[in-house]
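Architecture at a glance
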Amino acid sequence: MDDGDEERLPGEPVMTAVTLESDLGEILQFQMPDNWLRIQGLKEGEEWPEDIEEENVEALKAKEQAEWMENYYHALQELEGEDE
């Protein structure tokens, strides 16, 4: 995993580069919210568990989107001098 927190907008989640390799040697790379990986208990070098539930992914996405919007709104208020 490789943290990629540079150039984030206020409230945007810290993203981590994930590389998966299948038993056949096929490689898949993508970005995931670091918080989601921590919630799942995944660490660098570990196998991707087959029992990760889609419901957890959707719930986390919804929560992160709501947090992002709230943080973005507060950042805009700070820029406008409203949140002093």
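As the structure is a computational prediction, the values presented were derived from the model and not from experiment. Residue numbers run consecutively from 1 along every chain, following the written order of its sequence. Restriction of local features to residues with pLDDT of at least 70 applies here, the model being predicted, together with a cutoff of 80 or more for giving and counting side-chain atom pairs; totals for whole chains, interfaces and linings are based on all residues. As a convention, hydrogens and water are excluded, and side-chain values are obtained from all of the structure's heavy atoms.

1. Focus on the overall build of the protein
What the protein contains, in helices and strands, is two helices and three strands. Secondary structure counts use DSSP, requiring at least four H or I residues in a row for a helix and at least two E residues in a row for a strand, with both numbered from the N terminus. Starting at the N terminus and ending at the C terminus, the protein contains elements arranged as β-β-β-α-α. Of all 84 residues assigned to the protein, the portion counted as buried reaches 18%. Throughout, a contact is declared for two residues whenever any of their heavy atoms are within 4.5 Å. Sequence separation of 24 or more characterises 28% of the internal contacts of the protein that already satisfy a separation of 6 or more. Here the Shrake-Rupley method, with its probe set to 1.4 Å, supplies the accessible areas, and only the displayed protein chains count as covering residues. In the form shown here, the protein has an accessible surface area of approximately 6900 Å², with 46% of it arising from carbon and sulfur atoms. Exposure is judged per residue with a 1.4 Å probe applied to protein chains only, and the accessible area is read against the type maximum: over 50% gives exposed, under 20% gives buried, and values in between give partly exposed.

2. Examining the environment of glycine 45
When you line up the elements, glycine 45 lands in the loop between helix H1 (34-40) and helix H2 (54-80). In this structure, the C-alpha to C-alpha distance between glycine 45 and leucine 20, residues 25 residues apart in sequence, is 9.7 Å.

3. Some remarks on the pattern of salt bridges
One speaks of a salt bridge when a side-chain nitrogen belonging to Lys or Arg is within 4 Å of a carboxyl oxygen belonging to Asp or Glu. Within this structure, the stated rule accounts for one salt bridge. When the shortest N-O distance is used, the salt bridge between arginine 38 and aspartate 34 registers 2.4 Å. Highlighted residues: arginine 38 and aspartate 34, both in helix H1, separated by four residues, approximately one helical turn. On the basis of relative accessibility, which here comes to 59%, the residue arginine 38 falls in the exposed class.

4. Quick look at the pairing of strand E2 (residues 15-21)
The pairing of E2 with strand E3 (residues 27-33) spans seven bridges and is classified as antiparallel. Bridge pairing in E3 links threonine 19 to glutamine 29. Any two strands with at least two DSSP bridges between them are considered paired. Where E2 hands over to E3, the hairpin turn is made up of five residues, of which glycine 25 adopts a positive phi near 90 degrees.

5. Focus: a negative patch on the surface
A cluster of acidic residues, Glu21, Asp23, Glu47, Glu50 and Asp51, forms a negative patch on the protein surface. Topologically, aspartate 23 is positioned in the loop between E2 and E3. A residue is classified by how much of its surface remains accessible, and aspartate 23, at 86% relative accessible area, is exposed. Patches in this entry comprise residues that are over 30% relatively accessible and not in a salt bridge; like charges within 9 Å are linked, as are nonpolar side chains (Val, Leu, Ile, Met, Phe, Trp, Tyr) within 5 Å. Just so you know, the count uses Lys and Arg for positive and Asp and Glu for negative, and it drops His and the chain ends. Lys charges are placed at NZ, Arg charges at CZ, Asp charges at CG and Glu charges at CD.

6. Quick look at a nonpolar patch on the surface
A cluster of nonpolar residues, Tyr72, Leu76 and Leu79, forms a patch on the protein surface that exposes about 300 Å² of accessible area. Leucine 76 sits in the partly exposed class, given a relative accessible area of 31%.

7. Some details on the environment of asparagine 71
Turning to its location among the elements, asparagine 71 is positioned in helix H2. The partly exposed category is assigned to asparagine 71, whose relative accessible area is 36%. Separated by 60 residues in sequence, asparagine 71 and glycine 11 have C-alpha atoms that sit 4.6 Å apart.

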